[in-house]
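# Descriptive analysis of the structure
Below, each chain spelled out in residue letters.
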Amino acid sequence: MRQERPLGTAFVNGLKCKCPACGEGKIFKGYIKVRHSCDHCGLELHHQRADDAPPYFTMLIVLHFVVSGILTVEQLYSPANWVQLVIWMPVATLMSFLLLPPIKGALIGIQWAKEMHGFNPEKDGYTAQQID
Ligand SMILES: [Zn+2]
């Protein structure tokens, strides 16, 4: 019987942009381009299908933070609109760039732990070496 893959560990490894299986190898080459396989343990990462989920969750988090920030600043100081724009546009941009890779990594970790898409060794197309 196959060993169950630890979801929490895979999620945290993904948040660190590390391989969900070994936690050592990098999963991205460049900014968010996923490597074909882990350079440490050889796990094939090209099976991932994060697709539009990483930008969706990034926008969900960033916009909740930015909108609550805009409303709070408006309630406390009522600044001119251009002041709000100067404050929150860079914050939203910076947060989006910083959050996108770890969120994408975490989603890949979840896909690996839950054996989604090509990460299931019992389905055709799986060619990665055994993780156990
Ligand atoms: Zn690895």
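Preceding block: the structure.
Figured I'd write up the structure that's included with this text.

Basis of the calculations
- Residues numbered from 1 in each chain as written.
- Predicted model: local features only at pLDDT ≥ 70, side-chain atom pairs only at ≥ 80, totals over all residues.
- Heavy atoms only, no water.
- Donors = N, O, S within 2.8 Å, 3.2 Å for Na, K, Ca; no water.
- Tetrahedral: all angles 85-135°; square planar, octahedral: opposite > 155°, others 65-115°.
- Helix = DSSP H or I, 4+ residues; strand = E, 2+ residues; numbered from the N terminus.
- Buried < 20%, exposed > 50% of the residue type's maximum accessible area, 1.4 Å probe, protein only.
- Contact = heavy atoms within 4.5 Å.
- Arc of directions from axis to C-beta.

At the metal site, the zinc ion is ligated by Cys-19 (SG), Cys-22 (SG), Cys-38 (SG) and Cys-41 (SG), and these contacts range over 2.2 to 2.4 Å. Geometry at the zinc ion is tetrahedral, judged from its four donor atoms and the angles of 107 to 115 degrees they form at the metal. Counting along the primary sequence, the residues that act as donors to the zinc ion give the motif C-x2-C-x15-C-x2-C. Taken together, the positions of Cys-19 in the loop between helix H1 (7–15) and strand S1 (28–29) and Cys-41 in the loop between strand S2 (33–34) and helix H2 (53–77) put the pair 22 residues apart, joining distant regions of the chain. A single burial state applies to Cys-19 and to Cys-41, both of which are buried.

Glancing now at the environment of Cys-22. Counting through the fold element by element, Cys-22 comes out in the loop between H1 and S1. Taking the C-alpha atoms as reference points, Cys-22 and Ile-103, separated by 81 residues in sequence, lie 18 Å from one another. Ignoring sequence-local partners within four residues, the contact set of Cys-22 consists of Asn-13, Cys-38, His-40 and Cys-41.

This part covers H1. Those residues of H1 that sit buried are Ala-10, Asn-13 and Gly-14. The buried side chains of H1 occupy one side of the element, clustering within an arc of 100 degrees when seen end-on. Tucked into the core, H1 has its buried residues touching helix H3 (81–113).

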